[in-house]
Amino acid sequence: MAYDFDTIINRKGTSSLKYDSALRRMGRDDLLPLWVADMDFALPEEILQPIRERISNGVFGYTEPSEEDFASLILWYKRRHGFSIDFSWCTPAIGVVYAIATAIRAFTHVGDAVMIQQPVYYPFAATIRDNGRTVVNSELVRNGDHYEIDFVDFEN
C-alpha cells in the first residue's frame, strides 16, 4: 500500500500543542518541533475507516481494549521480536508516561535510583524525580547513524 508522507498539512490553528502553544511554552513560534508521538501527516484510510465506523453512533463513553486488541498485541510481539507474551501480563494504560510512573511506584521505593539511557523522551527523567526517585543516566553512545548501549557503564 502507498502512504502519503509528502503532503504538507498546516496544523496551526487546530489547537495543536506543538504548534499553537509554542510561543507560550517556548517563548517563540519559529521553531520546528520534532516531537516523537505527534505526526504531521494524515492517517491512512485503514485507520480512518474503523474510527469513522466507531464514532458513527455518536456515543463516546469509556471503553476497554477487546480480546482482539490483546491478540493483535501478542501476535505483534511474536512476529516482531520472536517473543511470546501471555495475555495475563497485559495491563492497559492511558499513556506511556502514566505507565512508567505506575511502574516506578509499583517496583521501586521513594529514594531508589531508576536508570534511563539518554537520549530518551524528556518526560522520563521528570517522572522519576516527580515520584521521589533518583535519576541515574547510562548515556547511549552514538556510533555513526545509531546509538548503542555502553554495557560497562550500564553494569556500573
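The coordinates are above.
Below you will find a few notes about this structure.

1. Some remarks on the overall build of the protein
Counting its regular elements, the protein contains seven helices and four strands. For the protein, the sequential pattern of α-helices and β-strands runs α-α-α-α-α-β-α-β-β-β-α. A compact globule built from 156 residues would reach a C-alpha radius of gyration of about 15 Å, whereas the protein, at 20 Å, exceeds it by more than 25%. Referenced to the eigenvectors of the C-alpha coordinate spread, the extents of the protein come out at roughly 55 × 45 × 35 Å. When burial is assessed residue by residue, the protein has 16% of its 156 residues classed as buried.

2. Focus on the environment of T7
Relative to the helices and strands, T7 is located in the segment before α1 (17-20). The class for T7 is partly exposed, based on a relative accessible area of 44%. Along the chain, T7 and A42 lie 35 residues apart, while their C-alpha atoms are 8.4 Å from each other. Engagement of the side chain of T7 in a polar contact is seen with the side chain of D4, the distance being 2.3 Å.

3. Here's the deal with the packing of aromatic side chains
Here the structure, examined in full by the defined rule, presents seven aromatic pairs. Centroid distance Y3 to F5: 6.4 Å. Interplanar angle 55°. Geometry classified as tilted. A residue is classified by how much of its surface remains accessible, and Y3, at 44% relative accessible area, is partly exposed. On the basis of relative accessible area, F5 is assigned to the exposed category, the value being 54%. With centroids separated by 5.5 Å and ring planes inclined at 65°, the aromatic side chains of Y121 and Y122 adopt a geometry described as edge-to-face. An aromatic cluster of at least three residues, connected via ring pairs, comprises Y3, F5 and F41.

4. Let's talk about the side chain of T127
You can see T127 is positioned in helix α6 (residues 123-130). When its relative accessible area of 7% is taken as the criterion, T127 is described as buried. Aside from chain neighbours lying at most four places away, what touches T127 is V97, I100, A101 and I104.

5. Brief notes about the packing of helix α5 (residues 96-107) against α6
Put simply, α5 and α6 touch, their axes get as near as 10 Å, and they point 35° apart. For the pair α5 and α6, the crossing hand works out as right-handed. Along its contact with α5, which presents V97, I100, A101 and I104, the element α6 presents P123, F124, T127 and I128. Its residues placed into classes, the contact of α5 with α6 shows seven nonpolar, one polar and no charged.

6. Some thoughts on the pattern of salt bridges
Scanning all chains against the criterion turns up five salt bridges. One salt bridge in this structure joins D30 and R28, with 2.7 Å as the shortest N-O distance. Here D30 falls in the exposed class, since its relative accessible area comes to 54%. With relative accessibility at 41%, the residue R28 sits in the partly exposed group.

7. Concerning the pairing of strand β2 (residues 134-137)
In terms of strand pairing, strand β1 (residues 113-116) meets β2 through four bridges, oriented parallel. What sits directly across from A113, in β2, is T134. Once you follow β1 into α6 and on to β2, the crossover reads as right-handed.

8. Examining a nonpolar patch on the surface
There is a patch of nonpolar side chains on the surface, built from M1, Y3, F5, M39 and F41 and spanning about 600 Å² of accessible area. Locating F41 in the fold gives a position in the loop between α2 (22-26) and α3 (45-55).

What counts and what doesn't
Residues numbered from 1 in each chain as written. Predicted model: local features only at pLDDT ≥ 70, side-chain atom pairs only at ≥ 80, totals over all residues. Heavy atoms only, no water. Helix = DSSP H or I, 4+ residues; strand = E, 2+ residues; numbered from the N terminus. Rg over C-alpha atoms; globule rule 2.2 N^0.38 Å. Buried < 20%, exposed > 50% of the residue type's maximum accessible area, 1.4 Å probe, protein only. Polar contact = N/O pair within 3.5 Å; in protein donor to acceptor, adjacent residues only side chain to side chain. Phe/Tyr/Trp six-rings, centres within 6.5 Å; stacked < 30°, edge-to-face > 60°. Contact = heavy atoms within 4.5 Å. Axes fitted to C-alpha atoms, helices over the stretch in contact; angles between N-to-C directions. Left-handed = near helix turned anticlockwise from the far one by under 90°. Nonpolar A, V, L, I, M, F, W, Y, C, P; charged D, E, K, R; others polar. Salt bridge = Lys/Arg side-chain N within 4 Å of Asp/Glu carboxyl O. Pairing = 2+ DSSP bridges. Right-handed = clockwise from strand over helix to strand, strands pointing away. Patch = residues over 30% accessible without salt bridge, like charges linked within 9 Å, V, L, I, M, F, W, Y side chains within 5 Å. Areas by Shrake-Rupley, 256 points an atom, 1.4 Å probe, with all protein chains shown as cover.

So, to be careful, I would describe these as geometric facts and stop short of saying anything about function.
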